[in-house]
Amino acid sequence: MKLIAGRVTLRTRITVSFVLLMLAVMAFVVVAEQLDYDELRAYVESKSLRGELPRLQAEIAQGATPTVPEGSTLHTPASVPEALRHYAPGYHRLAGPEVRHLLVFDSGGARYYLLRSGAHYRYLEHAIDGYALAVILLCVLCAFWIGRLTSERVTAPIARLADAVERGHKPFPFLEAHDEIGVLARAFARHSDEAEQFLQRERCFVGDASHELRTPLAIIGGAAETIAEQLPAGSPLVPSAERIVRTTEEMQRQLSCLLLLSRDPQRLARTDVPLRLLIEECMARCRPWIAGKPVALVLDAPQGVHVHTHAELARSVVWNLLRNACQYTDAGEVRITLRGTTLVIADTGPGLPPSIDPQQFQRFAPSARQSGEGLGLSIVQRIVEHLGWRMAVDSSDQGCRFTLEMGSAAT
């Protein structure tokens, strides 16, 4: 990306960091190439020999025989080899099969020759050879330091932005930045605003639709009850009127659930709900669905089990699952088993339609036999997620088995 308004982009920062690293490496390489190992060895030998000079001169002046370090030889004018006589006073490096170092000096009117073998400072060769390794290690350390510093500088704003997005703290940081972090922050802010606007529109729609539908449903339900009461006993219209009453009641309950689902889960009023009583209530409402069919409705649940949750939403989950089981089971049984806060609803029906994925219910999924179960299961899934529960589904042509994990039992 380009530089915007004089700000340095992340790409530029990283590039500059690695350029500086390569410059440091090349500087070490250049310094290493400029070193003359022989010159370095000669310098060290010269300093060492000159350090011996004052002591030797003092001993010669006193008439004593000078002592020289191991590996060194002091030649007098009488004992000096002919090959060394032509060297002037000072330090000299003697090349040959074996490098030697010579210091020529005058004392008491005579010339002396201090000759030292190159083996005396053999360790210098190892030190010089180890210089390359030291350069490599130093370059690695520099690379680690620069990389760590760069990564901290690059990831710090990203981590701060991610934390703000996760916590929902607004306004997001770096909205005014002109680098990639600023682009990312503005994109997050834009999508967050769009999501909030969509959620607000959905909540408004659910609220408005529920408000507008409740009055007509109440009127329809009241009229159906009146008709059912006024019809003579044995009239063939009584079952139809009663069905209208049940249907309007279910629609009113579904509207209430939709309104609750539009709220923040953290703001739901939760109480200790007795599970067996809730299940028995749903079973009583399901009796019309199995009337006239060889289907047994079996309950295996102990008394006294409570769960801390929202009663109306929990009732909607159990009711929808139990109603579907009773509605689509033609023979056999529908068994409800409660163990702790684990509820299992199993039937011997035909199983879920092929169009409905047991792991991810799709709303309004079409099916040859289905007449609403897709919407009902979709609502169940949304409520389960809203309450923080877990649901597992096993479906085959031998029946369905829904397992609900409703959290910890209330005490």
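Cut-offs used in this document
Residues numbered from 1 in each chain as written. Predicted model: local features only at pLDDT ≥ 70, side-chain atom pairs only at ≥ 80, totals over all residues. Heavy atoms only, no water. Axes fitted to C-alpha atoms, helices over the stretch in contact; angles between N-to-C directions. Helix = DSSP H or I, 4+ residues; strand = E, 2+ residues; numbered from the N terminus. Left-handed = near helix turned anticlockwise from the far one by under 90°. Contact = heavy atoms within 4.5 Å. Nonpolar A, V, L, I, M, F, W, Y, C, P; charged D, E, K, R; others polar. Pairing = 2+ DSSP bridges. Phe/Tyr/Trp six-rings, centres within 6.5 Å; stacked < 30°, edge-to-face > 60°. Buried < 20%, exposed > 50% of the residue type's maximum accessible area, 1.4 Å probe, protein only. Lys NZ or Arg CZ within 6 Å of the ring centre and 35° of its normal. pLDDT = per-residue confidence, 0-100. Salt bridge = Lys/Arg side-chain N within 4 Å of Asp/Glu carboxyl O. Polar contact = N/O pair within 3.5 Å; in protein donor to acceptor, adjacent residues only side chain to side chain. Patch = residues over 30% accessible without salt bridge, like charges linked within 9 Å, V, L, I, M, F, W, Y side chains within 5 Å. Areas by Shrake-Rupley, 256 points an atom, 1.4 Å probe, with all protein chains shown as cover.

Draft legend 1. Focus on the packing of helix α6 (residues 275-290) against helix α7 (residues 311-327). The contact between α6 and α7 brings their axes to 9 Å, and the two run at 30°. As α6 runs across α7, the sense of the crossing is right-handed. On α7, the residues touching Leu278, Ile279, Glu281, Cys282, Met283, Arg285, Cys286, Trp289 and Ile290 of α6 are Ala311, Ala314, Arg315, Val318, Trp319, Leu322, Arg323, Cys326 and Gln327. Of the residues assigned to the contact of α6 with α7, the class counts are 13 nonpolar, one polar and four charged.

Draft legend 2. Quick look at the sheet that holds strand β9 (residues 342-347). Read from one edge of the open sheet, five strands run β6-β8-β9-β11-β10, paired in mixed fashion. Looking at which strands have only one partner, the edges of the open sheet turn out to be β6 (295-300) and β10 (390-396). Recorded for the sheet is a direction-independent mean angle of 10° between the axes of neighbouring strands. Sheet analysis places strand β8 (residues 332-339) next to β9, joined by six bridges and oriented antiparallel. Of the residues in β9, the one forming a bridge with isoleucine 336 is isoleucine 345. Contacts from α6 reach β6, β8 and β9, with the element oriented near 180° to β6.

Draft legend 3. Examining the packing of aromatic side chains more closely. Under the criterion given, the structure shown has one aromatic pair. With a centroid separation of 5.7 Å and 20° between ring planes, the pair formed by phenylalanine 105 and tyrosine 112 is classed as stacked. Neither phenylalanine 105 nor tyrosine 112 differs from the other in exposure class; each is buried. Here the basic side chain of arginine 160 rests over the ring of phenylalanine 174, its NZ or CZ set 4.9 Å away from the ring centre. Above the plane of the ring of tryptophan 319 lies arginine 285, whose end atom (NZ or CZ) is 4.3 Å from the centre.

Draft legend 4. Spatial organisation of the sheet that holds strand β2 (residues 90-94). Sheet architecture is open: four strands sit in the order β1-β4-β3-β2, paired in antiparallel fashion. With one partner strand each, in any of the chains shown, β1 (72-75) and β2 form the two edges of the open sheet. Adjacent strand axes in the sheet meet at a mean angle of 20°, parallel and antiparallel pairs treated alike. Across five bridges, the pairing between β2 and strand β3 (residues 100-107) is antiparallel. What sits directly across from leucine 94, in β3, is arginine 100.

Draft legend 5. Geometry of the confidence of the model for the protein chain. Here the protein chain averages 79 in pLDDT, while 82% of its residues score no lower than 70. In the predicted structure, residues 1-6 sits below a pLDDT of 50 and forms 10 contacts with residues beyond four places in sequence or in another chain. Scored below 50 in pLDDT, residues 362-374 makes 25 contacts in the model with residues more than four places away or belonging to other chains.

Draft legend 6. Focus on the pattern of salt bridges. Scanning the model with the defined rule gives 12 salt bridges in all. One salt bridge connects glutamate 333 with arginine 335, and the closest N-O pair in it is separated by 3.1 Å. Judged by relative accessible area, which is 27%, glutamate 333 ranks as partly exposed. Sharing partners across several salt bridges, the network here consists of Glu52, Arg55 and Glu59.

Draft legend 7. Seen up close, the environment of isoleucine 379. With respect to the helices and strands, isoleucine 379 occurs in helix α8 (residues 373-387). Along the backbone, isoleucine 379 and glutamine 254 are 125 residues apart, and their C-alpha atoms lie at a distance of 8.8 Å.

Draft legend 8. Highlighting the side chain of arginine 116. Position of arginine 116 among the secondary structure elements: in strand β4 (residues 110-117). Only 2.6 Å separates the side chain of arginine 116 from the side chain of serine 48, close enough to count as a polar contact. Here serine 72 takes part through its side chain, which lies 3.0 Å from a polar atom of the side chain of arginine 116.

Draft legend 9. Summary view of a nonpolar patch on the surface. A surface patch of nonpolar side chains, about 360 Å² in accessible area, is lined by Val16, Val19, Leu20 and Leu23. Tracing the sequence through the fold places valine 19 in helix α1 (residues 10-34).

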